[in-house]
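# Results of the structural survey
So the chains spell out like this:
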Amino acid sequence: MPEQLTPGQKLASIGAELQKAEQTNAGVPQTVGMLSIKSVNQALSEASMQKNPIQLYGEFWFEGEICCLFADSNVGKSILAVQIAADIARTQKVLYFDFELSEKQFQLRCTGSDGSLHRFPSNLYRVDMDLSLSANLTEPFEDALIKNIEQVAVAAEAKVLIIDNISILCMQMEKGEDAAILVQRLRALKNKYGFSILIIAHTPKRNMSMPITQNDLAGSKKLFNFIDSSFAIGKSAQAGNMRYIKQIKVRNCETRYGSDNVMVCNIEKVEAMVQFVPQGTDLESRHLRIYNREEQMDEVRQLSDEGLSLRQIADKVGISKSQVDRLLKQSKSGVPETGGTPGTDGTTVQDQLSQVSQPSHVFGGTAGKSTSSEQGDDEPF
């Protein structure tokens, strides 16, 4: 049964019809090929009758968006993606396309020390792939997979899709044209069925002393033209199990978690499930690695030995071309440069985090008592 229109929406509906008639009388066509033409007033009236998009993952991802979550390898992308999927599945059906982990690897992340299994909402479905069936394909692999994703989502009547990760759909992610074509195809599915799609992507190895930007994502310049929103996970220099989450692109709201207010989390095992546990917010700069002069010189020398130009080294290390030149000359001469590396203000990150509010609303019902903490610097589990 269709939803009842509010008095304001009824007026907007009448206004839209009048504006459509005015456009016809003015001799302006309503469609030309694939283009739709409306007066601005008609567009506003019709949009006002649509419901506002709900938040799927706080301010990071809204209903009806194609969103991209990216990070370096072994930072916890899949852990966060599963956590987001489970939270959304409390209220609606979610398909989690897992092209990253085997079924056993997935199970181990969701098993407690006593062997108990984490209980997920019944609305969450995991979809993986049988590669043995790909040998009989009569069309390109990526085309077949996109078609299968569409077929599964339609058959399951699911509107929320999480794809982990995008590289299986686009083998040449570093090529902006290929990445853009993929997202255009996903956008066509979104527009056709009203899907909300979260795609997970890897970044090339990044400089941990630099803030995260869209340039850290392979194929980012073309890719960012077609996605609606994006956020990233950074590995904190403060502790092995500490991460921060930063908004990179936002359309449906103001940026809340930018460089001056990133969400800080610990990766911990809460009962039987490895997950991100919010600790508060902080400056991104407090979680970036501070290189000492010797480390920086070693890195510059190594990149130079690999044949990179001064400009390429400067971009990778995050310093100027003239600084690269000076470091290389110092490295050859063996004479140290005077000056030191800036220090911190003496307060610990936990001291700072204890003074800010906990943004736990993002994870809905995922808060719980921590039973253990992952201490490794690489894969959290």
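For the structure, see preceding data.
Within each chain, residue numbers correspond to sequence positions counted from 1 in written order. Local features in this predicted model are restricted to residues whose pLDDT is 70 or higher, and side-chain atom pairs enter the listing and the counts only when it is 80 or higher, whereas totals over whole chains, interfaces and linings include all residues. Values reported for side chains reflect all heavy atoms of the structure, with hydrogen atoms and water molecules removed beforehand.

## Brief notes about the overall build of the protein chain
- Of regular secondary structure, the protein chain possesses eleven helices and 14 strands.
- Within the protein chain, the proportion of its 381 residues that are buried is 44%.
- The long-range share in the protein chain, meaning contacts at least 24 apart out of those at least 6 apart in sequence, stands at 68%.
- Summed over its atoms, the accessible surface of the protein chain is roughly 20,300 Å², and 51% of this surface lies on carbon and sulfur atoms. A run of H or I in DSSP becomes a helix once it reaches four residues, and a run of E becomes a strand once it reaches two; helices and strands are each numbered from the N terminus. Think of it in three bands: with a 1.4 Å probe and only protein chains considered, a residue is buried below 20% of the maximum accessible area for its type, exposed above 50%, and partly exposed in between. We call two residues in contact when some of their heavy atoms are within 4.5 Å. Each accessible area is a Shrake-Rupley estimate made with a 1.4 Å probe; only the visible protein chains count as cover when residues are assessed.

## Side note on the pattern of salt bridges
- We count a salt bridge whenever a side-chain nitrogen from Lys or Arg sits within 4 Å of a carboxyl oxygen from Asp or Glu. Evaluated as defined, the whole model comprises 17 salt bridges.
- D282 is paired through a salt bridge with R286; the nearest N and O atoms lie 3.4 Å apart. This pair shows no difference in class: D282 is buried, exactly as R286 is.
- Taking the shortest distance from any N to any O, the salt bridge between D325 and K329 comes out at 3.2 Å. One end of the pair is D325 and the other is K329, both in helix α10 (residues 321-333) and four residues apart, which spans about a single turn.
- Judged by relative accessible area, D325 falls into the partly exposed class, the value being 27%.
- One salt-bridge network, held together by shared partners, links R187, K190, D228 and R251.

## What to know about empty space enclosed by the protein
- Each cavity reported here is a set of points on a 1 Å grid over the protein atoms alone in which a 1.4 Å probe fits but cannot get out, each pocket an open set with protein on both sides within 12 Å along at least five of seven lines, and each lining residue one with an atom within 4 Å of a point. Grid points are joined across faces, edges and corners, and a volume is the space filled by probe spheres set on the points. In the structure shown here, the tally under the stated rule is one cavity of 30 Å³ or more.
- By volume, the largest cavity is sized at about 70 Å³.
- Together, S78, I79, V82, L101, F106, R109, C110, M273 and V274 line the largest cavity.
- For the lining of the largest cavity, the secondary-structure elements that each account for two or more residues are α3 (77-88), α4 (103-109) and β13 (273-282).

## As for the packing of aromatic side chains
- Paired rings are identified among Phe, Tyr and Trp, the last through its six-membered ring, by centres lying within 6.5 Å, and are further divided according to the angle between planes into stacked (under 30 degrees), edge-to-face (over 60) and tilted (the rest). The tally for this structure, following the rule as stated, stands at seven aromatic pairs.
- Arranged with centres 5.0 Å apart and planes meeting at 20°, the rings of Y57 and F60 form a pair that is stacked.
- For Y57, a relative accessible area of 1% corresponds to the buried category.
- Overall, the relative accessible area of 1% leaves F60 in the buried class.

## Regarding helix α8 (residues 293-305)
- Relative to the 18 Å expected for 13 residues at 1.5 Å per residue, α8 spans 18 Å between its end C-alpha atoms, a close match to the ideal helical length.
- Where α8 is concerned, the buried positions are Q296, M297, V300 and L303. Down the axis of α8, the smallest arc covering the buried residues is 130°, so these residues share one side. What points out from α8, more than 90 degrees from its buried face, is the exposed set E294 and D305. Expected span of a helix: the number of residues minus one, times 1.5 Å. Directions are taken from the helix axis to each C-beta atom, and the arc is the one they span.

## Structural notes on the layout of surface pockets
- For the largest pocket, the calculated volume is near 930 Å³.
- Around the largest pocket, the lining comprises 31 residues; the ones closest to its centre are K205, R206, N207, M208 and K316.
- Among the elements that make up the lining of the largest pocket, the one with the highest residue count is α8 (four residues).
- Residue polarity is assigned by list, with Asp, Glu, Lys and Arg as charged and Ala, Val, Leu, Ile, Met, Phe, Trp, Tyr, Cys and Pro as nonpolar; anything else, Gly included, falls into the polar class. In the lining of the largest pocket, the residues fall into ten nonpolar, eight polar and 13 charged.

## Concerning unusual backbone geometry
- In this chain, D164 is followed by N165 through a cis amide linkage whose omega measures 5°.
- Within the element layout of this structure, N165 appears in the loop between β8 (160-164) and α6 (176-193).
- Notably, E157 is not glycine yet its phi reads approximately 55°, a positive angle.
- Locating E157 in the fold gives a position in the loop between α5 (141-156) and β8.
- On the basis of relative accessibility, which here comes to 64%, the residue E157 falls in the exposed class.
- The backbone phi angle of E271 is positive, close to 60°, even though this residue is not glycine.
- Mapped onto the secondary structure, E271 falls in the loop between β12 (262-270) and β13.
- Exposure remark for E271: the relative accessible area of 60% places this residue in the exposed category.

## A closer look at the nonpolar core
- Counting residues in hydrophobic clusters, the biggest one holds 37 residues, and the most contacted among them are Y57, W61, L80, I162, L198, F231 and I245.
- In terms of residues, this core owes the most to one element, α3, which gives eight residues.
- When sequence neighbours within four positions are dropped, the list of residues in contact with I162 reads W61, A81, A85, V94, L95, Y96, F97, L198 and I200. Buried residues of nine kinds, namely Ala, Val, Leu, Ile, Met, Phe, Trp, Tyr and Cys, make up a nonpolar core once their side-chain atoms join them within 4.5 Å.

## Some points on a nonpolar patch on the surface
- Patch definition: residues with relative accessible area over 30% and no salt bridge; like charges joined within 9 Å; nonpolar side chains (Val, Leu, Ile, Met, Phe, Trp, Tyr) joined within 5 Å. On the surface, L11, I14 and L18 cluster together into a nonpolar patch covering about 330 Å² of accessible area.
- Relative to the assigned elements, L11 resides in helix α1 (residues 7-25).

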